[in-house]
Amino acid sequence: MIAVTLPAHNEEQLIAACLQSLQVAALHPALRDEPVVIVVALDRCTDATGWICQRMGVEVVSVEAGCVGVARAAASERALALGARWIGCTDADSVVPPDWLARQLRCGASAFCGVVAVGDWLDYPQAVREQFLQGEHAVDGHPHVHGANMGFSAAAYRQSGGFAPLATGEDVALIQTMQGAGMRVARLARPRVMTSARRQARAPHGFSDFLRRLEQRVALATDDVMGDVAPASLLAR
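What counts, and at which threshold
Residues numbered from 1 in each chain as written. Predicted model: local features only at pLDDT ≥ 70, side-chain atom pairs only at ≥ 80, totals over all residues. Heavy atoms only, no water. Helix = DSSP H or I, 4+ residues; strand = E, 2+ residues; numbered from the N terminus. Buried < 20%, exposed > 50% of the residue type's maximum accessible area, 1.4 Å probe, protein only. Contact = heavy atoms within 4.5 Å. Areas by Shrake-Rupley, 256 points an atom, 1.4 Å probe, with all protein chains shown as cover. Pairing = 2+ DSSP bridges. Axes fitted to C-alpha atoms, helices over the stretch in contact; angles between N-to-C directions. Core = buried A, V, L, I, M, F, W, Y, C linked by side-chain atoms within 4.5 Å. Arc of directions from axis to C-beta. Disulfide = S-S within 2.5 Å. Polar contact = N/O pair within 3.5 Å; in protein donor to acceptor, adjacent residues only side chain to side chain.

Novice: Could you give an account of the overall build of the protein chain, with specific residues and numbers?
Specialist: Assigned secondary structure in the protein chain consists of eight helices and ten strands. Out of the 237 residues belonging to the protein chain, those deemed buried represent 46%. Considering only intrachain contacts with a sequence separation of at least 6, the fraction spanning at least 24 residues in the protein chain is 75%. Carbon and sulfur atoms form 53% of the exposed surface of the protein chain, whose accessible area is close to 11,400 Å².

Novice: Summarise the pairing of strand S8 (residues 150-153); cite the residues concerned and give the values.
Specialist: Burial of S8 is two-sided: the residues Met 150 and Phe 152 facing one way and the residues Gly 151 and Ser 153 facing the other way are all buried. For strand S6 (residues 111-113) and S8, the ladder comprises three bridges, and the chain directions are antiparallel. Each bridged residue has a counterpart across the sheet, and for Cys 113 the counterpart in S8 is Met 150.

Novice: Now, about the sheet that holds strand S10 (residues 193-196): what can you tell me, with residues and values included?
Specialist: Where strands meet in a sheet, backbone hydrogen bonds hold them as pairs that are either parallel or antiparallel. With respect to topology, three strands assemble into an open sheet ordered S5-S10-S7, the strand pairing being mixed. Every other strand in the sheet has two partners, leaving strand S5 (94-95) and strand S7 (116-120) as the edge strands with one partner each. As paired strands, S7 and S10 are joined by four bridges and run parallel to one another. By the bridge assignment, Asp 120 is partnered in S10 with Ser 196.

Novice: Can you tell me about the sheet that holds strand S4 (residues 86-89), naming the residues and giving the values?
Specialist: With respect to topology, seven strands assemble into an open sheet ordered S3-S2-S1-S4-S8-S6-S9, the strand pairing being mixed. Each of the sheet's edge strands pairs with one partner strand only, and the pair in question is strand S3 (59-63) and strand S9 (185-187). Averaged over all pairs of adjacent strands, the angle between strand axes in this sheet comes to 20°, irrespective of strand direction. Inspection of the sheet shows S4 paired to S8 by four bridges, in the antiparallel sense. What sits directly across from Gly 88, in S8, is Gly 151. Strands in contact with helix H7 (residues 170-180) are S6, S8 and S9; relative to S8, the strand with the most contacts, it is inclined by about 40°.

Novice: Please give an account of the nonpolar core that cites residues and values.
Specialist: Counting 32 residues, the largest nonpolar core has Leu 6, Ile 15, Leu 19, Leu 22, Ile 38, Val 40 and Trp 100 as the members making the most contacts within it. Within the residue set of this core, elements represented by two or more residues are strand S1 (2-8), helix H1 (15-25), strand S2 (36-43), helix H2 (49-55), helix H4 (100-105) and S7. When residues of this core are assigned to their parent elements, the largest contribution, five residues, is made by H1. Among residues more than four places away in sequence, those in contact with Ile 15 are Leu 6, Ala 8, Val 40, Thr 49, Ile 52, Cys 53 and Ala 92.

Novice: Can you explain helix H5 (residues 126-136)? Please cite residues and give values.
Specialist: Where H5 is concerned, the buried positions are Val 128, Phe 132 and Glu 136. The buried residues of H5 occupy an angular sector of 65° when projected down its axis, which confines them to one face. H5 presents Leu 133 and Gln 134 as exposed residues on the side facing more than 90 degrees away from its buried surface. Taken from the residues just after H5, His 137 is the one with a positive phi, measuring 50°.

Novice: Explain the state of the cysteines to me, and be specific about the residues and the numbers.
Specialist: If you walk through the whole model with that rule in mind, you get zero disulfides. As a non-bridged cysteine, Cys 18 has Cys 53 as the owner of its nearest cysteine sulfur, 9.1 Å distant. When its relative accessible area of 0% is taken as the criterion, Cys 18 is described as buried. With no disulfide of its own, Cys 53 lies 7.6 Å from the sulfur of Cys 45, the closest cysteine sulfur. Overall, Cys 53 belongs to the buried group, its relative accessible area being 0%.

Novice: Any chance you could break down the side chain of Arg 187 for me, citing the residues and the numbers?
Specialist: Here Arg 187 shows up in strand S9. Judged by its relative accessible area of 17%, Arg 187 is buried. Engagement of the side chain of Arg 187 in a polar contact is seen with the backbone oxygen of Pro 143, the distance being 3.2 Å. In terms of polar contacts, Arg 187 uses its side chain to reach the backbone carbonyl oxygen of His 144, at 3.1 Å.

Written as structure tokens, this is what we have:
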């Protein structure tokens, strides 16, 4: 059996699209009808997220941690208890491609790390988009670890001790532990997951915060350039 896990905190606006994409990926012909269970960790949800999960027929576990590491661990433990041999991980504001699970299982490694793309840039300026694309390095062998696009075998997860109860960086810590134990991690450019550029972060120092910091750096760089140009323009008058 294959499992997909994701944490969720008040995700009623986006989680339905995520779950729909996961349900499509679970039906990929390459999986040869192997059962796929989706497990959502409801972390302090006070909106309709739980109701949506129930309506869409997915497994849920509830935590009151306000911590993505705790939520991911709870979902993963539920997946293991159900008999999962492989666990794919994503986020509630993300959409996976139809071959997402099939490609993970073909990676031939203990763990898989993929890349992400932003599906809706909202009001972010073009310069921020360009800086993100330059830094993402969407090629095989990339250095990134995204909780929205990763997976691992049940054996590797158990051996590594699972997700640490961290408010951020729990995904990076897990992969580092696996690599430190000599496990092979496949860092592949495909499959790529589409994620949100929303400005309201769910986890401190997560992807939303990363984009905001990138925007600030771009703005500072622009101000520096304008400051250099201004004196010359004034002298020309």
